[in-house]
Amino acid sequence: MPTVVRPRSTSITATASTSDLTTTSAENNDALFATSNGSFLHLGDSDSVTSLEVGIVRQFTFTSSLQRMSVIVRKLGTNHMDIYSKGAPEKIASLCNPDSIPADFSDILHKYTVQGFRVLALSWKELDPKLTWHQAQRINREKVEHNLNFLGLLIMKNTLKPESAPVIKTLQAANIRSVMVTGDMILTAVSVARNCGMVKPKQNVIIVNASPPEDGQEAQIHWEQSESVTDDSLSESDQEGYHSIRCESDSRRYHFAVSGKAFSVLKTYFPQLLNQVCERGTIFARMSPDQKAQLVEKFQELEYGTGFCGDGANDCEALKAAHAGISLSETEASVAAPFTSKNQNIECVVTVIKEGRAALVTSFGCFKYMALYSIIQFVSVLILYTYATNLADFQFLYIDLIITTSVAVLMGYTQSNNKLAVKKPAGSLIKLTNIFSILSQILVVICFQTSAFLYLRNQSWYKPVKKITSDDVVKCSETTLMFLVSSFQYIFVAFAFSKGPPHRKLFYTNVPFTFVTVLLVGFTLLLLLHPFSFLTQFFQMVPFENTHFKMILLVIIVCNAVSCLFIEFLIVDFNIFSRLRRKFQWRKRKVKLHKKLDRQLQLMCDWPPVGNCTYASDFLASNTVANSIIEQNSMDTSIEMSR
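The name given to the protein in an unreviewed UniProt entry is Cation-transporting P-type ATPase C-terminal domain-containing protein, and the organism recorded there is Octopus bimaculoides. For the record of the protein, the UniProt heading Subcellular location (unreviewed entry) holds the text "Membrane".

Next up, the structure:
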């Protein structure tokens, strides 16, 4: 059975002719549509009531490839069916009878899209009365979606969410590039990009219009300057509630705006140029789902770390292809994306980046701590085995269960920093700074454990262990010393590896970790300076009676702590190796492909050729000349730097 639509009582009246195509109002329930003959149909409340029942016989759902949707309907009391279509203006116009399209269609469409309005075209056609309900269920949509009558344009205001512009600004401040990929018209997308801050007021937008070979002409690219809108182009009613965009030229920085059609032509006929366009591309409009995924893969080829944020079924392929996909809805997109946001705005992008960086720093810190935990215990046991002794059972239990377990669990509770930092965390465990951090901390552990043990053996009151039975002696000065020194080392290393800014908050914001660290330090100090008798019996310790010895041992422990913190916070975090490498040019640093491409584009002062065309036949020759110019400029720059 067809779906029956029974709207509330309405009246249909015709008003005077006007040149505007259409406008809609979001503040009330009235709608204004322009017909092909120039008159307006006004739908609104009226005292005169006309009963209107429309049955929806069949729906042709929207697809991104066709850029339209349609319904076949039948109004109560009529002997025929009608088809209504809506979709992209250029697509609907191509399906309409040319006589029904107003002469100023392109001008009106341009006037609204350049201001950032979202525009849909509406069309209609009366179907053959002989078409039955069963035939309508089987008919192909191409047989009815042609020779339509153009009805008008549905204008919707594209209002930015209040969170969008601050998020874009935050990403730009952190040196993270933002790109818009949308299915809207390219002029609408350019306007939104300017409003949200992706394109600065004084920066140029160059529209890349590419055409495939047709009618004997080869593939070509038109480089067009995107115009800025002035108030003179709008009527007084159009200006109300909107602001015009006035841009001063800034030739030093430009952005490309690319349509889905142009992207396809570039990919097929100008593959060498696609990298440059993507490097400078900020706006990609009228993109199909597979083109969105191809764009993500192209950015990955340029060695970008890619994230994609979307909320519809058309975004599923791109969400799956990106390194980090974020769905803004719990529909189909959430199945393809590893992250799903409860809030339908892009604030989640900053949250994911901050949490991801903090989690990476935490993971590396925990890994390094567990590596040092094993080394500290290995060194302690190795020294004690040399003198036929070992740690007592409860000493092992205190180290493994009380210190290591509690610290290793709680050091990951530090939250991410509120500010998104420009500096990225180390992305590999085998990076030189991480390797140096682990090796230097191992060296510090060995040095201070050995120093403390040698200081003990040089005391006049020291008595070496005398082994009487085959069992290891556990209650002796050597065991007590190594137990106390190593206990402090476990705590110091955990504190040093629990990094704070720029990616995590300061350590004291992690209240459980701070409390446990202070408690463990205090308890271990108690065991060193003034252990109670029940503690010495429980841990099988030999308390040190010499106060001078305990003070010197405490100094050694403090120096151990200072050394740990000095290595992590003044050498590793300061990234001293990278600074020395850049200063002395020890090893040429690998530069990512997109950075090389950006430097090349900065040297090409006469590219892109705005206002001109690039043909497929002469592109190879011009590209070779450009590359030679870039190489020559790079050589000149290198010579100047060497001088």
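## Regarding the overall build of the protein
Of regular secondary structure, the protein possesses 22 helices and 19 strands. A burial count over the protein gives 44% of its 643 residues as buried. For the protein, contacts bridging at least 24 residues in sequence account for 71% of all contacts bridging at least 6. In the form shown here, the protein has an accessible surface area of approximately 34500 Å², with 57% of it arising from carbon and sulfur atoms.

## Here's the deal with the UniProt feature "transmembrane region" (unreviewed entry) in the protein
Under the UniProt annotation, "transmembrane region" (unreviewed entry) lies at residues 370-388, 394-414, 435-456, 480-498, 510-532 and 552-577. With 81% helix and 0% strand, residues 394-414 has end C-alpha atoms that lie 30 Å from one another. Along residues 510-532, the helical share is 83% and the strand share 0%, with 31 Å between the first and last C-alpha atoms.

## A few points about unusual backbone geometry
Each neighbour pair has its own omega, and for Pro501 with Pro502 the value is 15 degrees, a cis peptide bond. Relative to the assigned elements, Pro502 resides in the loop between helix H16 (477-497) and helix H17 (511-529). Note the cis peptide between Trp607 and Pro608, where omega equals 5 degrees. Assignment of secondary structure puts Pro608 in the loop between helix H21 (593-603) and strand E19 (613-615). One non-glycine residue, Glu303, lies in positive phi territory at about 70 degrees. Here Glu303 shows up in the loop between helix H10 (289-301) and strand E16 (307-310). Notably, Ala388 is not glycine yet its phi reads approximately 60 degrees, a positive angle. Topologically, Ala388 is positioned in the loop between helix H13 (347-386) and helix H14 (393-410).

## Overview of the sheet that holds strand E12 (residues 204-211)
Reading across from one edge, E11-E15-E14-E12-E13-E19 is the order of the six strands in this open sheet, with mixed pairing throughout. Only two strands of the sheet have a single partner each, and these edge strands are strand E11 (180-181) and E19. As defined by bridge partners, strand E14 (residues 254-259) adjoins strand E15 (residues 281-285) across four bridges and the pair is classed as parallel. Opposite Phe256, over in E15, you have Gly281 as the bridge partner.

## A closer look at a nonpolar patch on the surface
On the surface, Phe367, Leu429, Ile430, Ile435 and Leu439 cluster together to form a nonpolar patch covering roughly 480 Å² of accessible area. With respect to the helices and strands, the residue Phe367 is situated in helix H13. Owing to a relative accessible area of 43%, Phe367 belongs among the partly exposed residues under this scheme.

## Observations concerning the pairing of E16
Of the two faces of E16, the one lined by Phe308 and Gly310 is fully buried and the one lined by Gly307 and Cys309 carries no buried residue. Two elements, E16 and strand E17 (residues 324-327), share four bridges in a ladder whose sense is parallel. Residue pairing for E17: Phe308 is matched across the bridge by Gly325. For the crossover from E16 across helix H11 (residues 316-321) to E17, the handedness is right-handed.

## Concerning a positive patch on the surface
Taken together, Lys424, Lys590, Lys592, Lys595, Lys596 and Arg599 make up a surface patch of like positive charges. Note that Lys424 resides in the loop between H14 and helix H15 (432-457).

## A look at the side chain of Thr614
Checked against the element boundaries, Thr614 lands in strand E19. In terms of polar contacts, Thr614 uses its side chain to reach the side chain of Trp223, at 2.8 Å.

## Quick word on the sheet that holds E17
A sheet is described by the order of its strands in space; here three strands give the open sequence E16-E17-E18, paired in parallel fashion. Looking along the sheet, the strands with just one partner apiece sit at the ends: E16 and strand E18 (339-340). Alignment of E17 against E18, held across two bridges, turns out to be parallel. When the bridges of E18 are listed, Ser327 appears paired with Thr340. Running over the sheet, H13 touches E16, E17 and E18 and is turned about 140 degrees from E17.

## So, the pattern of salt bridges
Under the counting rule described, the total for this entry stands at ten salt bridges. Notably, a salt bridge pairs Arg68 with Glu145, separated by 2.8 Å at the nearest N-O pair. You can see Arg68 sitting in strand E7 (residues 68-75) and its partner Glu145 sitting in the loop between helix H4 (141-144) and strand E10 (149-157), a full 77 residues away along the chain. Residue Arg68 is classed as buried on the basis of its relative accessible area, which comes to 5%. Accessibility expressed as a relative area gives 2% for Glu145, which makes it buried. When the shortest N-O distance is used, the salt bridge between Asp573 and Lys499 registers 2.9 Å. With Asp573 in the loop between helix H19 (547-572) and helix H20 (576-584) and Lys499 in the loop between H16 and H17, this residue pair connects regions lying 74 residues apart in the sequence. Assessed through its relative accessible area of 30%, Asp573 is described here as partly exposed. According to the relative accessible area criterion, Lys499 is buried, its value standing at 14%. One salt-bridge network, in which partners are shared between bridges, spans Lys368, Lys499, Glu568 and Asp573.

Conventions adopted
- Residues numbered from 1 in each chain as written.
- Predicted model: local features only at pLDDT ≥ 70, side-chain atom pairs only at ≥ 80, totals over all residues.
- Heavy atoms only, no water.
- UniProt positions renumbered as here; feature names shortened; annotations may be inferred.
- Helix = DSSP H or I, 4+ residues; strand = E, 2+ residues; numbered from the N terminus.
- Buried < 20%, exposed > 50% of the residue type's maximum accessible area, 1.4 Å probe, protein only.
- Contact = heavy atoms within 4.5 Å.
- Areas by Shrake-Rupley, 256 points an atom, 1.4 Å probe, with all protein chains shown as cover.
- Pairing = 2+ DSSP bridges.
- Patch = residues over 30% accessible without salt bridge, like charges linked within 9 Å, V, L, I, M, F, W, Y side chains within 5 Å.
- Salt bridge = Lys/Arg side-chain N within 4 Å of Asp/Glu carboxyl O.
- Right-handed = clockwise from strand over helix to strand, strands pointing away.
- Lys, Arg positive; Asp, Glu negative; His and termini not counted.
- Charge placed at Lys NZ, Arg CZ, Asp CG, Glu CD.
- Polar contact = N/O pair within 3.5 Å; in protein donor to acceptor, adjacent residues only side chain to side chain.
- Axes fitted to C-alpha atoms, helices over the stretch in contact; angles between N-to-C directions.

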